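Examination of the molecular architecture
Listed below are the residues making up each chain.
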Amino acid sequence: MSYKVLVLLKPTEEQPALERVAEFARFLPSLEVVVCRVVSDFSDDQIPTLKERYEREISSLMKRYPSIEHYETYITFSKNVPEAFCNYAKLKSKTLGMAVISANKRNTLRDMFISPLDSQIMSKINLPLLVVKDAHAPQHLSRAIVLAIDFEENEHDKMVDEVLFAAANSFAEHFNGEVHVLNCVPPIHRGLMSGKTTESVILGTDKPITRADVHGRDLATFAELHGIPASHCHIAEGRVDEMIPKVCRKLEARMVCMGMSTKDGVLSAIDQSASELVLEQIKGDIFIVNRNINIDDLRAQQESREAAAAES
């Protein structure tokens, strides 16, 4: 079974998302890529001419990435780039395994009033999403791929854990990485701006006493089930938008895989803003499964891939 990804092009020369996908294609020659260009600066009478122009530009661009052997282009015109991209992802969600976009630069005055394009896509898209900050960053980082899970989350869906683990494990296998599992224990008082920041590894506790002990027990169960060594299991007590970047810096992680929730849990009360803060502070990529994803579709895709792998 082939794997298909959707890539959003930037209106600039640099294309971190496409470069990352080209890396994937070197290890997976059968990878199918939908190269998407959303044009926001146009008038209706310009559309036919502009479409021909961008088709030529994309054709020329793809010559820089010979490892991508199978691709198709999708050019659309919209004043709202995130909405157009997410709408197409939703339309094709049953055939697409993942979307890949490039991160936007932050810390500008405009960001105080208008959410960056990548943040809007992160919160709205109904596909697993990989956000690439710097396509060359992993070359200067360690092998660690951090899988951030909160086992305490209300209405916790274990299927999301499996999707995140499958992604982290796949990235690790193809890029000589190591999966590390991080469980953040958020502070009890959600209104506080900080919590206890002591990090520890707690596994095999027979008599849980603290919240961290309880989390450690669940983390140990998950690690044993997925063959993750104890040295790769971490518990951090505090706000997730502080703890995830802190652990990533300690491990020099090349990637974070995490979920987004509307309930208490891995992104707690601040949800989208936490994912933005994590993205801003880490050096590597971030892989996100958000609340809009249809779990049944994910489960069906996962089962199809497992069946195809078993046949081969």
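Above: the structure in question.
Bear in mind the structure is a predicted one, so any value in this text is a computation, not a measurement.

Notes on the overall build of the protein
- Within the protein one finds 9 helices and 11 strands.
- Residue burial in the protein is summarised as follows: out of 312 residues, 52% are buried.
- Counting only contacts in the protein whose residues sit at least 6 apart along the sequence, the fraction spanning at least 24 positions is 81%.
- As presented, the protein carries roughly 15,400 Å² of accessible surface, and 50% of it is formed by carbon and sulfur atoms.

Here we look at the pairing of strand β7 (residues 178-185)
- Burial runs high along β7: 7 of the 8 residues are buried.
- Here 5 bridges tie β7 to strand β9 (residues 233-237), and the two strands are oriented parallel to one another. Among the inter-strand pairings, Leu182 is bridged to a residue of β9, identified as His234.

Section: the nonpolar core
- Ranked by size, the top nonpolar core spans 55 residues in total, and within it Ile68, Leu147, Phe171, Cys257 and Phe287 carry the most contacts.
- Not counting chain neighbours up to four residues away, the residues in contact with Leu147 comprise Leu164, Phe165, Val179, His180, Val181, Leu182, Phe222 and Cys257.
- Formed by 43 residues, the second largest nonpolar core is a distinct cluster that contains Phe85, Val240, Leu251 and Met258.

Overview of the side chain of Asn126
- Within the secondary structure, Asn126 is located in the loop between α4 (117-124) and β5 (129-132).
- There is a polar contact of 3.5 Å between the side chain of Asn126 and the backbone nitrogen of Lys90.
- Here Asn126 is in contact with Cys86, Ala89, Lys90, Ser93, Asn292 and Ile293, once residues within four sequence places are set aside.

Some points on the pattern of salt bridges
- In the structure shown here, the tally under the stated rule is 9 salt bridges.
- The partner of Arg64 in a salt bridge is Glu13, and the shortest N-O contact between them spans 3.0 Å. Of this pair, Arg64 sits in the loop between α2 (47-62) and β3 (70-77) while Glu13 sits in the loop between β1 (4-8) and α1 (16-27), and the two are 51 residues apart along the sequence.
- Under the relative-accessibility criterion, Arg64 is labelled partly exposed at 41%.
- For Glu13, a relative accessible area of 60% translates into the label exposed.
- Measuring nitrogen to oxygen at the nearest pair gives 3.1 Å for the salt bridge that ties Glu57 to Arg53. Of this pair, Glu57 and Arg53 both sit in helix α2, 4 residues apart, which is roughly one turn of the helix.
- For Glu57, a relative accessible area of 39% translates into the label partly exposed.
- Arg53 gets classed as partly exposed once you look at its relative accessible area, which sits at 39%.

Quick word on helix α3 (residues 81-91)
- Within α3, the full set of buried residues consists of Val81, Pro82, Ala84, Phe85, Cys86, Tyr88 and Ala89.
- Here the buried face of α3 lies against β1, β2 (32-39), β3, β4 (98-102) and α4.
- A side-chain oxygen of the first residue of α3 lies 3.0 Å from the backbone nitrogen of Glu83; this N-cap is Asn80.

Focus: the packing of aromatic side chains
- Overall, the coordinates contain 7 aromatic pairs when judged by the stated rule.
- A ring pair is formed by Phe171 and Phe287, whose centres lie 5.8 Å apart and whose planes are at 75°; its orientation type is edge-to-face. Of the two residues, Phe171 sits in helix α5 (residues 158-174) while Phe287 sits in strand β11 (residues 285-289), which places them 116 residues apart along the sequence.
- Here the aromatic cluster, defined as three or more aromatic residues joined through ring pairs, consists of Phe24, Phe27, Phe171, Phe175 and Phe287.
- Looking at Arg37, its charged tip hangs above the ring of Tyr54, at a distance of 4.6 Å from the centre.
- Taking NZ or CZ as reference, Lys79 lies 4.5 Å from the ring centre of Phe42, over its face.

Remarks on unusual backbone geometry
- One non-glycine residue, Asn176, adopts positive backbone phi at about 55°.
- In this structure, Asn176 sits in the loop between α5 and β7.
- With relative accessibility at 52%, the residue Asn176 sits in the exposed group.

What counts and what doesn't
- Residues numbered from 1 in each chain as written.
- Predicted model: local features only at pLDDT ≥ 70, side-chain atom pairs only at ≥ 80, totals over all residues.
- Heavy atoms only, no water.
- Helix = DSSP H or I, 4+ residues; strand = E, 2+ residues; numbered from the N terminus.
- Buried < 20%, exposed > 50% of the residue type's maximum accessible area, 1.4 Å probe, protein only.
- Contact = heavy atoms within 4.5 Å.
- Areas by Shrake-Rupley, 256 points an atom, 1.4 Å probe, with all protein chains shown as cover.
- Pairing = 2+ DSSP bridges.
- Core = buried A, V, L, I, M, F, W, Y, C linked by side-chain atoms within 4.5 Å.
- Polar contact = N/O pair within 3.5 Å; in protein donor to acceptor, adjacent residues only side chain to side chain.
- Salt bridge = Lys/Arg side-chain N within 4 Å of Asp/Glu carboxyl O.
- Phe/Tyr/Trp six-rings, centres within 6.5 Å; stacked < 30°, edge-to-face > 60°.
- Lys NZ or Arg CZ within 6 Å of the ring centre and 35° of its normal.

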